[in-house]
Amino acid sequence: MGASHAQAYHRLEGFEICGLVARGDSKEVLNKKMGTSYPLYSDYFEALEQTKPDAVCISTYPNTHEEYALKALETGCHIFIEKPLADTVAGSERIVTAAKKVNKKVVVGYILRHHPSWMKFTEIAQGLGKPLVMRMNLNQQSHGRMWDVHRNLMKSLSPIVDCGVHYIDVMCQMTRSKPVRVSAIGARLTDDIPADNYNYGQLQISFEDGSVGWYEAGWGPMISETAFFVKDVFGPKGAASIVAKEAGGAGKSDSVDDHTKTESIKIHYSDIDDQNQFTKPDKWIEMKDEPDHQELCEREQIYFLKAIQENIDLSAHLEDAVNSLKVAFACDESVKTGKMVEL
C-alpha cells in the first residue's frame, strides 16, 4: 500500500515527495521503479526531523500507527493513514483527539469508499428495503511474500479486525443503522503466529433496524480459495451481488490488485405474481471502466489533498473509522471469550 500511495503522490499535482521511509530495501526498489531519486530513510522519526513535511502517509503495520500518527501531528503534519486507524480503540481515539487539538486532517484508507462500483453496490443495497442481510468474505490463500506480510500483521491484529473494518464500514453504510451486538468464531490453524491470535475468523453483526451481516476472513497457505469472493446483500425487495468471474477465480485470493475488482453487479428482484412467478428479469450492471488498484489509491490521495486545501470537516469520517474498529474489536473479544458482545 505504501508503494501504491507513493506512486500516487509522484503522479499527482499538488504533492511533492520529500522522502521515502522503509526498514528494508523496498524504498530503493520503489525509487528504481519510478525512475526517481527521492531521499531515502530507514527511520521514521529521523525522516520527520530532517524533511519537515507538511503531510505524512503511514502505511506501516498497525502496531506502529498510533505512535507514528501522534508524532506526525505533534510536528504539524496532516496524515493519510492506512486502515485500521490504530491497533486499539483507545489508540484510535487518541489520534482523533490529537488531530482536533492541532487542527490537522487525518484521512483513513477506506479504499472501497472511493470505488465507483462499491458506491453503486451500496446505493443498490440501500434500495432493497429493510432489514438487510449482508454476506461478505475475503479469504486469502497466502504464500511466499504475502504469508510473510500476513504473519507480521497477525503480531498485532487478527484477520477479522484488520480486514473486517472495511466490510463493517460497508455494512454500516448500507444499513445506515447502529450495530447493537456481535458474535464471532475463530480458529488458529498454524503455530507460525502468536499464541493468542487466530488466522481464521467469522463475525456476525446485528443492527438496530433488524439487519444482520456476516463477514469471514482467513489468511495462510492452508486456507481454501473455493469461496473467497462473496459480496452479497438481500432485503425484502430483492438481492444484489458482486460477480467478479475473473478476479474471483483460482489463484487470485492473495492478489491485492484483485481484491477491489467488481467486474459486474447482478440485481435480482423479488416481485412475484399470483402464481409466485417472478415478474422482473434479473439485471446485470457491467463495470467495464472501473478503476484499477493504483487508480483507486490516486483517488484516495486526491480526496486527501482536497480535504486539506478545502478544509473539509472529517469528523464523520473519523467517527466512522473509530466505530468500525470498535465493532471489529468487539468481534475479536467474542472469539476469545466465546460470548456474544453487546455494543
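The shown structure was predicted, so the numbers you read here are calculated from the model rather than taken from an experiment. Every chain is numbered on its own, with residues counted from 1 as its sequence reads. Predicted model: local features are reported for residues with pLDDT of at least 70 only, side-chain atom pairs are reported and counted for 80 or more only, and whole-chain, interface and lining totals are derived from all residues. Hydrogen atoms and water are omitted, and side-chain values are computed over all heavy atoms in the structure.

Peer 1: Please give an account of the sheet that holds strand E4 (residues 78-82) that cites residues and values.
Peer 2: Two strands qualify as a pair provided that DSSP identifies no fewer than 2 bridges between them. For the purposes of this entry, the term helix denotes a DSSP run of H or I that reaches at least four residues, the term strand denotes a run of E that reaches at least two, and both are numbered from the N terminus. Strands sit in the order E3-E4-E5 across an open sheet of three strands; the sheet is parallel. This sheet does not close on itself; its edge strands, each paired only once, are strand E3 (55-58) and strand E5 (106-109). Averaged over all pairs of adjacent strands, the angle between their axes in this sheet comes to 10 degrees, without regard to strand direction. Pairing analysis gives four bridges linking E3 to E4, with the strands arranged parallel. Paired with Val56 across the bridge in E4 is Ile79. Note on contacts: a residue pair is in contact if any heavy atoms of the two residues lie within 4.5 Å. Fitted lines through C-alpha atoms serve as axes, helices being fitted only where they are in contact, and the angles separating the N-to-C directions of these axes extend from 0 to 180 degrees. Against the sheet, helix H11 (residues 293-309) makes contact with E3, E4 and E5, and its axis sits at roughly 155 degrees relative to E4, the strand it touches most.

Peer 1: So what's going on with the environment of Glu225? Which residues, and what values?
Peer 2: Residue placement: Glu225 occurs in the loop between strand E9 (212-218) and strand E10 (231-235). A 1.4 Å probe rolled over the protein chains alone gives each residue an accessible area, and that area as a share of the maximum for its type sets the label: buried under 20%, exposed over 50%, partly exposed in between. For Glu225, a relative accessible area of 21% gives the class partly exposed. Sequence-wise, Glu225 and Asn139 are 86 residues apart; in three dimensions their C-alpha atoms are separated by 6.7 Å.

Peer 1: Which residues make up unusual backbone geometry, and what are the values?
Peer 2: Working note: non-glycine residues mostly have negative phi, and peptide bonds are mostly trans. With omega at -10 degrees, the peptide bond leading from Lys83 into Pro84 counts as cis. Inspection of the secondary structure puts Pro84 in the loop between E4 and helix H5 (89-102). Residue Pro131 is reached from Lys130 by a cis peptide bond, and omega for that bond is 0 degrees. Within the secondary structure, Pro131 is located in the loop between helix H6 (116-125) and strand E6 (133-137). Although it is not a glycine, Lys52 adopts a positive phi angle of roughly 45 degrees. Its place among the elements puts Lys52 in the loop between helix H3 (44-51) and E3. Phi at Arg176 is positive, roughly 50 degrees, even though this residue is not glycine. With relative accessibility at 69%, the residue Arg176 sits in the exposed group.

Peer 1: Can you tell me about the environment of Arg135, naming the residues and giving the values?
Peer 2: Turning to its location among the elements, Arg135 is positioned in strand E6. Among the residues examined, Arg135 registers a relative accessible area of 32% and is labelled partly exposed. Here the alpha-carbon distance between Arg135 and Lys336, two residues 201 residues apart in the chain, equals 23 Å. In contact with Arg135, other than residues within four places in its own chain, are Trp214, Val230, Lys231, Asp232 and Phe234. Here the side chain of Arg135 touches Asp232 through a polar contact of 2.6 Å, side chain to side chain. Under this definition, polar contacts are N or O atom pairs within 3.5 Å; protein pairs additionally need one hydrogen-donor-capable and one acceptor-capable atom, and for neighbouring residues in sequence, both atoms have to be side-chain atoms.

Peer 1: Give a detailed account of the pairing of E9, specifying residues and quantitative values.
Peer 2: Within E9, six of the seven residues are buried, leaving the element largely enclosed by the surrounding structure. Pairing between E6 and E9: five bridges, direction parallel. Each residue of the ladder has a partner; that of Met134, found in E9, is Gly213. Sheet topology note: the strand E8 (residues 200-207)/E9 ladder contains seven bridges and is antiparallel. Its bridge partner lying in E9, Leu203 is registered against Tyr215. Between E8 and E9, which follow one another and run antiparallel, lie four residues, and Gly210 among them has a positive phi close to 95 degrees.

Peer 1: I'd love a proper account of H11, names of residues and values included.
Peer 2: Here the expected span of a helix is defined as 1.5 Å times the quantity of residues minus one. Given a rise of 1.5 Å per residue, 17 residues ought to cover 24 Å, and the 25 Å separating the end C-alpha atoms of H11 matches this to within 8%. Taken together, the buried positions of H11 are occupied by His293, Gln294, Leu296, Cys297, Glu298, Glu300, Gln301, Phe304, Leu305 and Ala307. In this structure Asp292 caps H11, since a side-chain oxygen of it lies 3.3 Å from the backbone nitrogen of Gln294. Positive phi shows up at Asn311, right after H11, with a value of about 50 degrees.

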